[in-house]
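# Chain and residue survey
One letter stands for each residue in the lines below.
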Amino acid sequence: MCIRDSLGTVPTGFTGLSSSTLIPRAKIYKPQKHFDIITYTGDQTNGTRSITGLEFKPDFVWIKSRSFSNNHHLFDTLRGPDKILRASTNDQETEVTDVMSSFDSNGFTVKEGVGNNATNDDGSTFVAWCWKAGGAPTTTNSASVGSVPTAGSVKIDGVDATAPLAGTRYPDKMSVNTKAGFSIIKYSGTGSAFTLTHGLDRAPDVQLVKTLDGANVNWMFYTKVRDGSQDYMFLNTTDTLGDSGFPGTTDTVFNFTNASTYSNTSGRNYIMYNWASIPGYSKCFMYTANNSSNGAFFHCGFRPAFIMIKNMDNSSAHWYILDNKRNPENECRISLKANQTGSEVTDTNFIDFLSNGFKLRTDGGYVNNSYHRIFYMAFAEQSGKTEYNLIANAR
């Protein structure tokens, strides 16, 4: 039944209230089954130490020391626990056996070797941002384009791929969570044109690419949120937005039309992390600064757990990361910077996490000044509409 049935004709320009016109239910009712955050204090345990608290086995773990200066350390199941990337530098992949031990069913296990304080330094505090993809590949693909990938090389929603992939070049390994809009791809460059599947059921809004070997090269952060063209920023610098020259993402592939120092050099290996916005769970978008300490509200469709912010027009602006575990109450003022090694900082004012988005509480030049365009990437603590047909509540 709708209002039309009981109150007569609906006026022109309005729609009757019915089940089809209500706020849609989120496809992900419990975000913590796909993304979550763990904070912990290091104890420098000899051997290994389990860090638990997740409701899934993570495929991508990003760890940062909070209380002292050190690099951001990124791990994933495609490369294995001993292979480290550092978001705050342009360093290529390094293998260190005394930092991460394993990805577990409800978290991960760290190690702390002599002189290595990346993940479990005694008495230091850490934060880990964790995502679930499609599970850990067990082998490298050797099948040709047009064939079903080698069993175990491509994991889609927890199982092996059973059909040929899109694209003119196959990944070496791939892990895909179609429901949460997240995939990880390991591939090799050719220095010439090719298309590469991303495995998702829609075009990703963000592709984060890192050269693994051959040279120390900046992190390439591709996005189309500004104007639909394939733009880029560098995760490890404060540089402004630029045009990549690539057609970039479609609903099925990333289109490399030529060589790139950052993502397509012959003989080099790469890792690519893809995120697509999923209603009620995640949103990658932009806002325009309004120069007010009583900043504007920006709708996400969920209560945020994590937000990363980058001013696309300011060449001095950092990549700010805020989350609900380090900021359990509003106003959220504690942040880390993805492009820097420094410990977390508490600002005078910053941001509120609200039931359906966020509101700026500052006119700071890096996040809300000069009418600049600001990129943001957010993940949910509580979905916009629950399985019980309820709207997300405020903090």
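Calculation notes
Residues numbered from 1 in each chain as written. Predicted model: local features only at pLDDT ≥ 70, side-chain atom pairs only at ≥ 80, totals over all residues. Heavy atoms only, no water. Helix = DSSP H or I, 4+ residues; strand = E, 2+ residues; numbered from the N terminus. Polar contact = N/O pair within 3.5 Å; in protein donor to acceptor, adjacent residues only side chain to side chain. Contact = heavy atoms within 4.5 Å. Pairing = 2+ DSSP bridges. Axes fitted to C-alpha atoms, helices over the stretch in contact; angles between N-to-C directions. Core = buried A, V, L, I, M, F, W, Y, C linked by side-chain atoms within 4.5 Å. Buried < 20%, exposed > 50% of the residue type's maximum accessible area, 1.4 Å probe, protein only. pLDDT = per-residue confidence, 0-100. Phe/Tyr/Trp six-rings, centres within 6.5 Å; stacked < 30°, edge-to-face > 60°.

### Let's talk about the side chain of aspartate 352
By the secondary structure assignment, aspartate 352 is in strand β27 (residues 345-354). Polar contacts involving the side chain of aspartate 352 include one to the side chain of arginine 361, which spans 2.7 Å. In contact with aspartate 352, other than residues within four places in its own chain, are Asn330, Glu331, Cys332, Gly357, Phe358, Lys359 and Arg361.

### Let's talk about unusual backbone geometry
Glycine aside, residues mostly have negative phi angles, and peptide bonds mostly take the trans form. Cis geometry is found at the peptide bond from asparagine 330 to glutamate 331, where omega equals 5°. Its place among the elements puts glutamate 331 in the loop between β25 (319-323) and β26 (332-337). Of note in the backbone geometry, asparagine 291 takes a positive phi value of approximately 60° without being a glycine. Structurally, asparagine 291 is set in the loop between β22 (282-288) and β23 (297-299).

### Examining the sheet that holds strand β8 (residues 107-111)
As summarised here, the arrangement of the three strands in space is β2-β8-β7, forming an open sheet in which the pairing is antiparallel. What marks the edges here is a single partner per strand, and that holds for β2 (48-52) and β7 (100-104). Across the sheet, the mean angle separating the axes of adjacent strands is 20° when strand polarity is ignored. Sheet topology note: the β2/β8 ladder contains five bridges and is antiparallel. Across the sheet, the residue bridging to threonine 48 is lysine 111, located in β8.

### Details of the nonpolar core
Counting 43 residues, the largest nonpolar core has Trp62, Trp129, Trp131, Tyr273, Trp275 and Met308 as the members making the most contacts within it. Contact partners of tyrosine 273, with chain neighbours within four places excluded, come to Phe60, Asp76, Arg79, Leu85, Phe182, Ser183, Ile184, Val206, Gln207, Leu208 and Trp219. Of all hydrophobic cores here, the second largest spans 21 residues; its members include Leu165, Tyr170, Phe194 and Phe254.

### Regarding the confidence of the model for the protein
Taken over all residues, the pLDDT of the protein has a mean of 92, while the share at 70 or more is 91%. In the model, residues 1-7 has pLDDT below 50 throughout and makes eight contacts with residues more than four positions away in sequence or in other chains.

### Things to note about the packing of aromatic side chains
Scanning all chains against the criterion turns up 39 aromatic pairs. Taking the centre distance of 6.2 Å and the plane angle of 25° together, the rings of phenylalanine 60 and phenylalanine 182 count as stacked. Of this pair, phenylalanine 60 sits in strand β3 (residues 60-65) while phenylalanine 182 sits in strand β13 (residues 182-188), and the two are 122 residues apart along the sequence. Phenylalanine 182 carries the same exposure label as phenylalanine 60, and that label is buried. Seen from their ring centres, phenylalanine 254 and phenylalanine 256 are 4.5 Å apart, and the 45° between their planes marks the pair as tilted. For the pair phenylalanine 254 and phenylalanine 256, a shared accessibility class is recorded, and that class is buried. Aromatic rings pair up to connect Phe35, Phe60, Trp62, Trp129, Trp131, Phe182, Tyr273, Trp275, Tyr281, Phe306 and Phe379 into one cluster.

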